[in-house]
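Architecture at a glance
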Amino acid sequence: TEAVGLYNLGQSCCLNSLLQVFLMNIRFTRILRRIRVPSSPAQRRNNVPYQMLLLLEKMQSGKSKAVGPTDLACCLSEHRVELFVQHDAAQLFLTLWNLLKKQMKKPELVEELSDLYTICVQQHLACQKCSFERKSNSTLLTLPLPVLDANSHRLRSLEDCLQYFFHPEELTGQNMCFCQRCGRKTTFLQSVKLVHLPETLTLHLKRFCFERSSRTHKLSHYLPFPQELDLREVLTESQCQADGSEKATWQFELFAVVAHSGSTSCGHYCAYIRSLTDCKWYCFNDSEVCQVSWDDVKCTYGHSSLYWRETAYLLFYMKKHPQ
């Protein structure tokens, strides 16, 4: 019944933080508990969903305050997930999710996993010289939100980041596209429209940027995010491609924050998660777990003059459902 920590195996703080976010999500563990157990010992050792289920059961046995995710880490190494190296949380999240989806053999569980995390968008390309328009649907696991605009000005809030992500961009000069109707390269308007949001919405704050010197720089400036997020109030009609019944479900509540402290070359991850059973916030810092307040979570908003301070990197929002 109590939150359980995960021992650091050696630079495994990123993996530990993401595992806590997955396993504290009751909707995810309901899927995990229904997986088909692989038949042979070798298959069980190399099956990510099964090893994650074993870790969950080990954590829920109630025998210790922290457990070691050694077997799962060894399983992941068999799938080319390196151990004892620093990982990027956004990239590792995608890797873990794809391995889970690939190794869940039941089609209905794969569908449920997709429904839980997959974002649907429609990409538009419209010629500005004629009426030619190209549309294509695609899916995302995270919304990769810039924290700076095109002029390198800081965006002031999560809502600003969302609006900027869905704001149309004019493709001119070297970025012009070939128009089939005009028979030449013309200026196009490129935009992304939101079609469908999953039960668990994952937002990636792009705080690591690449400079011309090929070095990665961390953007630590102040960027607040709300506990409750209503996408109907954030995005305009032109930024959405959804009907009324879909939009009616676009009210979210913050579930978890994966925060990064330190620099790009020497950093540390931890997770702040709101328990879905007691609705209290907890900080999962490897083997250490403690209850925290919303003010503690807000400390991950960032601070420009404190380079090493924790800053939110991944935000996980859950749909609000009427009780």
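Placed above this text is the structure.
Basis of the calculations
- All residue numbers refer to position in the chain's written sequence, counted from 1.
- At least 70 in pLDDT is required for a residue's local features to be given in this predicted model, at least 80 for side-chain atom pairs to be given and counted, and no such filter applies to totals for whole chains, interfaces and linings, which use all residues.
- Each side-chain value is worked out from all heavy atoms of the structure, with water and hydrogens disregarded.
- Helix numbering and strand numbering both begin at the N terminus, where a helix is a DSSP run of H or I of at least 4 residues and a strand a DSSP run of E of at least 2.
- The span one expects for a helix is its residue count, reduced by one, times 1.5 Å.
- Between buried and exposed lies partly exposed: a residue is buried under 20% and exposed over 50% of the maximum accessible area for its type, with that area taken using a 1.4 Å probe on protein chains only.
- We call two N or O atoms a polar contact when they sit within 3.5 Å, provided that within protein one can donate a hydrogen and the other can accept it, with sequence-adjacent residues counted only if both atoms are side-chain atoms.
- Strands are treated as partners if at least two bridges between them are detected by DSSP.
- Fitting a line to C-alpha atoms yields each axis, with helices limited to the stretch in contact; the angle taken between N-to-C directions then spans 0 to 180 degrees.
- Cavities and pockets are found on a 1 Å grid laid over the protein atoms alone: a cavity is a set of points where a 1.4 Å probe fits but cannot escape, a pocket is an open set with protein on both sides within 12 Å along at least five of seven lines, and a lining residue has an atom within 4 Å of such a point.
- Grid points are joined across faces, edges and corners, and a volume is the space filled by probe spheres set on the points.
- Each residue is assigned to one class: nonpolar for Ala, Val, Leu, Ile, Met, Phe, Trp, Tyr, Cys and Pro, charged for Asp, Glu, Lys and Arg, and polar for all the others, Gly among them.
- By arc we mean the arc of the directions from the helix axis to the C-beta atoms, nothing more.
- Residues count as neighbours in contact if any of their non-hydrogen atoms are within 4.5 Å of one another.
- The pairing test for Phe, Tyr and Trp rings, Trp by its six-membered ring, is centres within 6.5 Å, and the orientation test on the planes gives stacked under 30 degrees, edge-to-face over 60, and tilted for anything in between.

So, about helix α4 (residues 48–59). With 12 residues, α4 should reach 16 Å at 1.5 Å per residue; the first-to-last C-alpha distance of 16 Å fits that figure. Within α4, 9 of the 12 residues are buried, which leaves it mostly tucked inside the rest of the structure. By the burial criterion, the buried members of α4 are Val48, Pro49, Tyr50, Gln51, Met52, Leu53, Leu55, Leu56 and Met59. Where α4 begins, the capping side chain belongs to Asn47, and its oxygen is found 2.9 Å from the backbone nitrogen of Tyr50.

A separate point is the sheet that holds strand β6 (residues 169–171). One open sheet accounts for 4 strands, arranged β4-β3-β9-β6; its pairing is antiparallel. What marks the edges here is a single partner per strand, and that holds for β4 (133–140) and β6. The sheet shows a mean angle of 25° between the axes of neighbouring strands, taken without regard to direction. Inspection of the sheet shows β6 paired to strand β9 (residues 188–196) by 3 bridges, in the antiparallel sense. From the neighbouring strand, Glu169 faces β9, where its bridge partner is Gln190.

What follows covers empty space enclosed by the protein. If you walk through the whole model with that rule in mind, you get 1 cavity of 30 Å³ or more. Here the largest cavity defines a volume of roughly 50 Å³. As for the largest cavity, its lining consists of Ile35, Arg36, Asn47, Pro49, Gln103, Met104, Lys105, Lys106 and Leu109. Split by residue class, the lining of the largest cavity holds 4 nonpolar, 2 polar and 3 charged.

Moving on, we come to helix α8 (residues 158–165). All of the buried residues along α8 are Leu158, Cys161, Leu162 and Phe165. The buried residues of α8 all sit within an arc of 95° when viewed along its axis, so they share a single face. Those residues of α8 hidden inside the fold are in contact with β5 (143–146), β9, β10 (200–206), β13 (228–230), α9 (231–234) and β18 (311–319).

All right, on to the packing of aromatic side chains then. Counted according to the given criterion, the structure contains 12 aromatic pairs. Ring geometry for Phe225 against Trp294: centres 6.3 Å apart, planes inclined by 80°, an arrangement best described as edge-to-face. Taken as a pair, Phe225 in the loop between β12 (216–218) and β13 and Trp294 in helix α11 (residues 294–298) lie far apart in primary sequence, 69 residues in all. Exposure remark for Phe225: the relative accessible area of 3% places this residue in the buried category. Trp294 sits in the buried class, given a relative accessible area of 18%.

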